[in-house]
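# A look at the structure
Letter by letter, the chains look like this.
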Amino acid sequence: MSQPTTTGGRRQPASSPLSDLLTGERGLGRYAFYLPLAFLIAFFVVPMLLTLVWSVFERTNFWMEPGFTFGAYADFFGSARFENFLRAMKSSAISVLVAFVLGFPIAVFVRSSVPEKAQHKAILLFILPFMISEVIRIFALRPILGRHGVLNDALIGSGLIDDPISIFIYTPTGVVIGEVMSYLPFMVFCGFLAMESVPRYIFEVCDDLGSDTLTTLRRVIVPLAAPGILAATIFIFINGIGVFLIPDILGGPGAVNAGTLVLNAISALDFPLAMAIAAIMLVILMALLLIGHWLFDLTKLLDPAKR
Amino acid sequence: MMREYGNPWAHRAKWLYLIFVVVALMSPVLHTVTISFNEHGFGAADYDFTLVYYFDLFRNEEILAALGWTFWLAFVVVVVTLPMGILSAKFYQTTRWKVPFLLLMLAPLFIPADIMAAALLVYFKTLSRFFSDTFGLEWFDLSMTTAVIGQVLWCLPYVFVVVLVTMARYHAEQTEAARICGATAWRAFWDVEFPQIKAGVFSATAFTVILSFNEYTRTNFLKGGFETFPTYIVSYMLNTGMTPETYAMSGLVSMTSIVIVGAVLLLALRKEQA
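The rules we used
Residues numbered from 1 in each chain as written. Chains lettered and ligands numbered in written order. Predicted model: local features only at pLDDT ≥ 70, side-chain atom pairs only at ≥ 80, totals over all residues. Helix = DSSP H or I, 4+ residues; strand = E, 2+ residues; numbered from the N terminus. Buried ≥ 20, exposed ≤ 12 C-beta atoms within 10 Å, placed from the backbone. Contact = placed C-beta atoms within 7 Å. Core = buried A, V, L, I, M, F, W, Y, C linked by C-beta atoms within 7 Å. Nonpolar A, V, L, I, M, F, W, Y, C, P; charged D, E, K, R; others polar. Axes fitted to C-alpha atoms, helices over the stretch in contact; angles between N-to-C directions. Parallel < 35°, antiparallel > 145°, perpendicular 65-115°, else oblique. Left-handed = near helix turned anticlockwise from the far one by under 90°. pLDDT = per-residue confidence, 0-100.

Let's shift gears to the overall build of chain B. A count of helices and strands for chain B gives 11 helices and zero strands. When its C-alpha atoms are laid out on the principal axes, chain B stretches across 75 × 70 × 35 Å. Taken over 274 residues, chain B has a buried fraction of 40%. Contacts in chain B between residues far apart in sequence, at least 24 positions, make up 73% of those at least 6 positions apart.

Here we come to the overall build of chain A. Across its full length, chain A carries 17 helices and two strands. The buried share of chain A, taken over its 307 residues, is 44%. Counting only contacts in chain A whose residues sit at least 6 apart along the sequence, the fraction spanning at least 24 positions is 66%.

A:Val262, A:Ile277, A:Ala278 and B:Ala118 are the most contacted members of the largest nonpolar core, which totals 156 residues. It is helix α10 (residues 172-195) of chain A that provides the largest number of residues to this core, a total of 15 residues. A:Ile277 has contacts with A:Phe76, A:Ala258, A:Leu261, A:Val262 and A:Ala265, leaving out every residue within four places of it along the chain.

The element helix α15 (residues 258-267) of chain A is largely enclosed, with a buried count of seven among its 10 residues. Looking one or two residues beyond α15(A), the residue adopting positive phi is A:Leu269, at roughly 55°.

Attention now moves to the interface of chain B and chain A. The partner chain A presents 72 residues to the 63 residues of chain B that form the contact. Of all the secondary-structure elements, those providing two or more residues to the side of chain B that touches chain A are α1 (8-36), α3 (61-94), α4 (98-110), α5 (113-134), α6 (144-168), α8 (185-214), α10 (229-240) and α11 (244-273) of chain B. Looking at the side of chain B that touches chain A, its residues break down into 44 nonpolar, 12 polar and seven charged.

A few words on the packing of α10(A) against helix α13 (residues 226-242) of chain A. Residue and element names in this part refer to chain A. Following both chains from N to C, one finds α10 and α13 inclined at 160°, their axes separated by 7 Å at the closest point. Classified by the angle their axes make, α10 and α13 are roughly antiparallel. Classified by chirality, the crossing of α13 by α10 is right-handed. Between α10 and α13, the contacting residues are Glu179, Tyr183, Phe186, Met187, Cys190, Gly191, Leu193 and Ala194 on the first element and Pro227, Gly228, Ile229, Ala231, Ala232, Phe235, Ile236, Asn239 and Gly240 on the second. Partitioning the contact of α10 with α13 into residue classes produces 12 nonpolar, four polar and one charged.

The predicted coordinates ought not to be read in detail in places where the model reports low pLDDT. When the pLDDT values of chain B are averaged, the result is 88; 96% of them are 70 or greater. Predicted complex metrics record ipTM = 0.89 and pTM = 0.88.

Tracing the sequence through the fold places B:Leu269 in helix α11. The sequence separation of B:Leu269 and B:Glu215 amounts to 54 residues, and the corresponding C-alpha distance is 27 Å.

So, on to unusual backbone geometry. Positive phi is not limited to glycine here, since A:Leu269 has a value of about 55°. Take A:Leu269: it is sitting in the loop between α15 and α16 (271-296). You can call A:Leu269 partly exposed: it has 14 C-beta atoms within 10 Å. Positioned with a positive phi, B:Phe140 is a non-glycine residue whose angle comes to about 60°. B:Phe140 gets classed as partly exposed once you count the C-beta atoms within 10 Å, which come to 19.

On to the packing of helix α5 (residues 80-113) of chain A against α1(B). For the pair α5(A) and α1(B), the least separation of the axes is 10 Å and the interaxial angle reads 130°. Taken together, the axes of α5(A) and α1(B) lie oblique to each other. The two elements α5(A) and α1(B) meet at a crossing, and its hand is left-handed. Every residue of α1(B) that contacts α5(A) at A:Leu102, A:Ile106, A:Phe109 and A:Ser113 is listed here: B:His11, B:Lys14, B:Leu18 and B:Val21. When the residues that make up the contact of α5(A) with α1(B) are grouped by side-chain class, the tally is five nonpolar, two polar and one charged.

Moving on to the confidence of the model for chain A. Residues and elements named next belong to chain A. Confidence along chain A averages 85 in pLDDT terms, with 88% of residues attaining 70 or more. Per-element confidence in chain A is highest for helix α3 (residues 35-54), whose mean pLDDT is 94, and lowest for helix α1 (residues 17-23), whose mean pLDDT is 64. In the predicted structure, residues 1-12 sits below a pLDDT of 50 and forms 14 contacts with residues beyond four places in sequence or in another chain.

Right, let's talk about the environment of A:Gly159 for a bit. All names here are of chain A. Here glycine 159 is to be found in the loop between α9 (150-157) and α10. Classification of glycine 159 by C-beta neighbours within 10 Å gives exposed; the count is 7. Sequence separation between glycine 159 and phenylalanine 271 is 112 residues; the distance between their C-alpha atoms is 52 Å.

In structure tokens form, the structure reads like this:
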């Protein structure tokens, strides 16, 4: 910014040509507000949409060339990759369910029984684990879940089991544990965000009408918080299928998901296949968001005016 | 649910559960940090406090170089993301297309890191081929720039949300008043609005530093010929498994994040009480 304009006191309007050009009423500054939009379109929307185009390109030795072939899709659906993909979807769905059962009651509890002023602070606690490197958090589960890990030691020490349990890690269970540990905070955040639009007197009304806790949850709270639950569900489900780190570090030799498949395709320089899998993920995400929107109007979550 | 006023133990049990879940989510990291200070490493019966593994880290040239790159990257990402976050929050306030814009801003959070990184990788390779074939330029070769773009996409939604929440508390009439008194739009923002949203910008900065510092997948795909601390740790862990050195590295990363988040939360709480 230009210096001289400030010398005559702060209230004086800027007047040098340079500052006019940058910050004046008709200056270039006006267009600065479009910068984030342009950035997102150039480096997010365009590349993500181009995956659809690249996925039908012809594969060459080290790269790809324009063409129109469903070879990459045939390769994906006609091989063990598709079975692995379905298995990843299943384990991801289980993770969503576990995260819901463990996490959503927290959101309800904070909204219904914590004083209004302290609610955000209680929810903020869940940012802590989320702010630590994902890689470290997942790697750190290894010494916890292993055969001679902390969890088995504790279980044996407490006399609950006699021999160490080995299904906690390098198994599909390990992947689910890793996913729940990583994504549970999202269920709490989104659940709470949706619960914020539920007035607190609802809990009293339900109580006065003699409904028990479970019925209140099932018939009143969950339907009201549905957009939030759905947002968290989509998030956890998609990341469960997509993030390769968790099966890579906690899954056994056969643990594969879409992320691993993309990674392998890229190391094999099969770019159309990698892009086809990315495009499939994108389509699944869009489909889920559209279904969610059609069912519950997800924009309610984002737009306070609609609450 | 109001019944719990009659039964305080149910209320306490729920609080206990909440705390338990937070501690459980943190436990792997806390465990790692504890072990990183143990002279005998993982699984030893004795516990002797030592800093020797940390001193070893700071004598390792590769780690120092990786740390340097990580901080430099985080710095550039902050410098790029913060103004963009503020601009996007401003844009959101004035645009008629609020919901589509919001969806676009938040969309990068919903796409798994490796899927987005793979798409960006192929995109940058295409662009780089195009620029070198047509103009002989080295634009969009995998480098610091591409890593920064990948990380900005990751951090921008967070900065946007944090700044937007803070801006919502600002009364826009003050800007109008400043403009009527003759201030330019820029001066009205910098002298009137910015001091009031400083707290949000500050926490957004802290979060960007942490997010950039911890980011692995996108950086690993898009970086040029350098290692950042997370990519170094992961390749080291995948090669050698959990050794005292990896515990110390994990401890260092985790404690850095915990200190930054803790400081931000404390400052925010103190501000609220003041």
